[in-house]
Amino acid sequence: MTRYSIASLMRNALSGHKKWQPAWRDAAPREAYDIIIVGGGGHGLATAHYLASVHGITNVAVIEKGWIGGGNVGRNTTIVRANYLLEGNEPFYEWSLRLWEGLEQDLNYNAMMSQRGVLNLFHSDAQRDAAARRGNAMLLHGSDAELLDRDAVRKLAPFLNFDSARFPIEGGLLQRRGGSARHDAVAWGYARAASGRGVDIIQNCEVLGFLRDARGAVTGVETTRGAIRAGKVGIAVAGNSSRVAGMAGLRLPIESHVLQAFVSEALKPVIPGVITFGAAHFYISQSDKGGLVFGGDVDGYNSYAQRGNLPIVEDTCESAMALMPMIGRARLLRSWGGIMDMSMDGSPIIDRAPVDGLYVNAGWCYGGFKATPASGWCFAHLLATDRPHEVATAYRLDRFATGRIIDEKGQGPQPNLH
């Protein structure tokens, strides 16, 4: 596969850009593979890439029921960060951020990674103490964090509503290495890199069930394009995790909910990075095209539909107006929804399933996109070695039975909703 470079750009410019090769092979399924990954989103494609590039396993198929980039990987707000508190999470997301920082060189693809900073605002003394604690935890795990006072935040974002009687801005926790990346470019880059190493990417191939042997172990998948056998099968299907796992008789501690995202008309540069509202679930950034990209909370009911409802639209817009009143002058261009697989403690699962031959990558809640590189790296490590990676040892499936939960959201046994 042609390597992208200044030289290749010049050669193709001279030919009128008519000789570019397809970014990846649209493969037909073969009879059997060493490993099948169900789900052609960011996590599945990243897993395939690292299986090939790190572990040398190339007899791999990525099966996607639709088209590459048509699921959650193309339906998110593109935020990249590593600002977690708990020991089970922060090392993982810091590793992911480090992979993000070298991703474009690794993939030979412009993922438009922009480390413009992520600022989490706080509005009370209690929130300041919580932000300081989280920032210290980040620093102890080798990440970066800065606790800003009111004046420092005003210097970064003077347009915010600092003097709101209900939600005065007292300061913020800033991670300068955080930022955003282009979601579809990330999917295309991983697909291209994996395909270039021999991985088959099979689109329009929906899984209908699992092939089992006499012991009940998974030996492949039954699809709309026929049966495909494999030594191991990994599930990385985001909001459809419960559905697909259910085909193997596995009930996951997950609920699926819709998370809506919004984008405004294109504006001149106004927002310097990513800003989150500490008094409500609202976050906003500005895309390279100029649109303000923002989102809020998940819909409060279970759903597999990639669309949301008007109450969440109202709630998100109210939060936007409370934080930055000037947004009321911008026109909303479009909205969309992604299906979130919400785990009971707000943290993900990367583990072998109780069914032999089956492996699970699920439960990413709000944070699936930023986890893409580390998720793929750790899932590939698990599939290749049958051992969890050192930064993902806490993401066991049985933690909900043993009580070793990673309660990042502080919600206990309830889904990570509010």
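This is a predicted model, so every value here is computed, not measured.

### Quick word on the overall build of the protein chain
Now for step 1: When you go through the protein chain residue by residue, the secondary structure sums to 11 helices and 18 strands.
Now for step 2: Scaling as 2.2 N^0.38, a compact globule of 418 residues should have a C-alpha radius of gyration of about 22 Å, and the protein chain matches this with 21 Å.
Now for step 3: Counting across all 418 residues of the protein chain, residues that qualify as buried make up 55%.
Now for step 4: Contacts in the protein chain between residues far apart in sequence, at least 24 positions, make up 74% of those at least 6 positions apart.
Now for step 5: Surface exposure of the protein chain reaches about 18000 Å², of which carbon and sulfur atoms provide 51%.
Now for step 6: Between the averaged position of the 43 positive side-chain charges in the protein chain and that of its 40 negative side-chain charges there is a distance of 6 Å.

### What to know about the sheet that holds strand 12 (residues 254-266)
Now for step 1: The strand order 5-6-4-13-14-15-12-16 describes an open sheet built from 8 strands, whose pairing is mixed. Sheet topology places strand 5 (146-149) and strand 16 (332-343) at the edges, where each strand pairs with a single neighbour. Neighbour to neighbour, the strand axes of the sheet diverge by 25 degrees on average, direction disregarded.
Now for step 2: Taken together, the 11 bridges between strand 12 and strand 16 define a ladder with antiparallel strand orientation.

### Overview of the pattern of salt bridges
Now for step 1: Counting across every chain of the model gives 19 salt bridges.
Now for step 2: Three or more residues are tied together by salt bridges with common partners; here these are Glu94, Arg98, Glu101, Asp144 and Arg177.

### Observations concerning the packing of helix 2 (residues 42-53) against helix 10 (residues 372-385)
Now for step 1: Closest axis-to-axis distance for the helix 2/helix 10 pair is 7 Å, and the angle between their directions is 55 degrees. One finds that helix 2 runs oblique with respect to helix 10. Helix 10 is crossed by helix 2, and the crossing has right-handed handedness. On the side of helix 2, the interface is formed by Gly42, His43, Ala46, Thr47, Tyr50 and Leu51, while helix 10 contributes Thr372, Pro373, Ser375, Gly376, Trp377, Phe379, Ala380, Leu383 and Ala384.
Now for step 2: Class assignment for the residues of the contact of helix 2 with helix 10 results in 9 nonpolar, 6 polar and no charged.

### What about the nonpolar core?
Now for step 1: Phe92, Trp100 and Ile350 are the most contacted members of the largest nonpolar core, which totals 52 residues.
Now for step 2: Of all the secondary-structure elements, those providing two or more residues to this core are strand 1 (32-38), helix 2, strand 2 (60-63), helix 3 (90-101), helix 4 (103-107), helix 7 (183-196) and helix 10.
Now for step 3: Of the residues forming this core, the biggest block, 7 residues, is contributed by helix 7.
Now for step 4: Once residues lying within four places of it in the same chain are set aside, the contact partners of Trp100 are Val80, Met113, Ala181, Val186, Phe369, Lys370, Thr372 and Pro373.
Now for step 5: Counting residues in hydrophobic clusters, the runner-up holds 29 residues, among them Ile202, Ile254, Ala353 and Val355.

### Looking at helix 3
Now for step 1: With 12 residues, helix 3 should reach 16 Å at 1.5 Å per residue; the first-to-last C-alpha distance of 17 Å fits that figure.
Now for step 2: Of the positions making up helix 3, those classed as buried are Glu90, Phe92, Tyr93, Glu94, Ser96, Leu97, Leu99 and Trp100.

### Observations concerning a nonpolar patch on the surface
Now for step 1: A surface patch of nonpolar side chains, amounting to about 420 Å² of accessible area, comprises Ile6, Leu9, Met10 and Trp20.
Now for step 2: Along the polypeptide, Ile6 turns up in helix 1 (residues 6-14).
Now for step 3: Ile6 sits in the exposed class, given a relative accessible area of 62%.

### Description of unusual backbone geometry
Now for step 1: Positive phi, close to 55 degrees, is recorded for His17, a residue that is not glycine.
Now for step 2: Tracing the backbone shows His17 in the loop between helix 1 and strand 1.
Now for step 3: We classify His17 as partly exposed; its relative accessible area is 44%.

### Notes on the packing of aromatic side chains
Geometry of an aromatic ring pair is reported as the spacing of the ring centres plus the angle between the planes.
Now for step 1: Summed over the entire model, instances satisfying the criterion amount to 14 aromatic pairs.
Now for step 2: Measuring from ring centre to ring centre gives 5.3 Å for Trp100 and Phe369, while their planes differ by 45 degrees; the resulting arrangement is tilted. You can see Trp100 sitting in helix 3 and its partner Phe369 sitting in the loop between strand 18 (358-362) and helix 10, a full 269 residues away along the chain. Neither Trp100 nor Phe369 differs from the other in exposure class; each is buried.
Now for step 3: Between the aromatic rings of Phe262 and Phe294, the centroid separation amounts to 5.5 Å while the plane-to-plane angle is 15 degrees, which identifies the pairing as stacked. One end of the pair, Phe262, is in strand 12; the other, Phe294, is in strand 15 (residues 291-302), and 32 residues separate them in sequence.
Now for step 4: According to the relative accessible area criterion, Phe262 is buried, its value standing at 0%.
Now for step 5: Grouped by ring-pair contacts, the aromatic residues Tyr84, Phe92, Tyr93, Trp364 and Tyr395 constitute a single cluster.
Now for step 6: The ring of Tyr4 is capped by Arg192, whose NZ or CZ atom sits 3.7 Å from the centre of that ring.
Now for step 7: Taking NZ or CZ as reference, Arg243 lies 3.9 Å from the ring centre of Tyr304, over its face.

### Looking at the environment of Ser53
Now for step 1: Within the fold, Ser53 resides in helix 2.
Now for step 2: Judged by relative accessible area, Ser53 falls into the partly exposed class, the value being 27%.

### Concerning helix 2
Three or four residues apart is the spacing at which side chains of an α-helix point the same way, because the helix has 3.6 residues per turn.
Now for step 1: The terminal C-alpha atoms of helix 2, which comprises 12 residues, lie 16 Å apart, in line with the 16 Å expected from a rise of 1.5 Å per residue.
Now for step 2: Turning to helix 2, its buried residues number three or more, namely Gly42, His43, Gly44, Leu45, Ala46, Thr47, Ala48, His49, Tyr50, Leu51 and Ala52.

### Some remarks on the side chain of Arg399
Now for step 1: Here Arg399 is to be found in helix 11 (residues 399-402).
Now for step 2: A polar contact is formed between the side chain of Arg399 and the side chain of Asp345, at a distance of 2.8 Å.
Now for step 3: If we skip the residues at most four places from it in the chain, Arg399 touches Asp345, Ser347, Pro348, Ile349, Ala394, Arg404, Ile405 and Ile406.

Cut-offs and rules
Residues numbered from 1 in each chain as written. Predicted model: local features only at pLDDT ≥ 70, side-chain atom pairs only at ≥ 80, totals over all residues. Heavy atoms only, no water. Helix = DSSP H or I, 4+ residues; strand = E, 2+ residues; numbered from the N terminus. Rg over C-alpha atoms; globule rule 2.2 N^0.38 Å. Buried < 20%, exposed > 50% of the residue type's maximum accessible area, 1.4 Å probe, protein only. Contact = heavy atoms within 4.5 Å. Areas by Shrake-Rupley, 256 points an atom, 1.4 Å probe, with all protein chains shown as cover. Lys, Arg positive; Asp, Glu negative; His and termini not counted. Charge placed at Lys NZ, Arg CZ, Asp CG, Glu CD. Pairing = 2+ DSSP bridges. Axes fitted to C-alpha atoms, helices over the stretch in contact; angles between N-to-C directions. Salt bridge = Lys/Arg side-chain N within 4 Å of Asp/Glu carboxyl O. Parallel < 35°, antiparallel > 145°, perpendicular 65-115°, else oblique. Left-handed = near helix turned anticlockwise from the far one by under 90°. Nonpolar A, V, L, I, M, F, W, Y, C, P; charged D, E, K, R; others polar. Core = buried A, V, L, I, M, F, W, Y, C linked by side-chain atoms within 4.5 Å. Expected span 1.5 Å × (residues − 1). Patch = residues over 30% accessible without salt bridge, like charges linked within 9 Å, V, L, I, M, F, W, Y side chains within 5 Å. Phe/Tyr/Trp six-rings, centres within 6.5 Å; stacked < 30°, edge-to-face > 60°. Lys NZ or Arg CZ within 6 Å of the ring centre and 35° of its normal. Polar contact = N/O pair within 3.5 Å; in protein donor to acceptor, adjacent residues only side chain to side chain.

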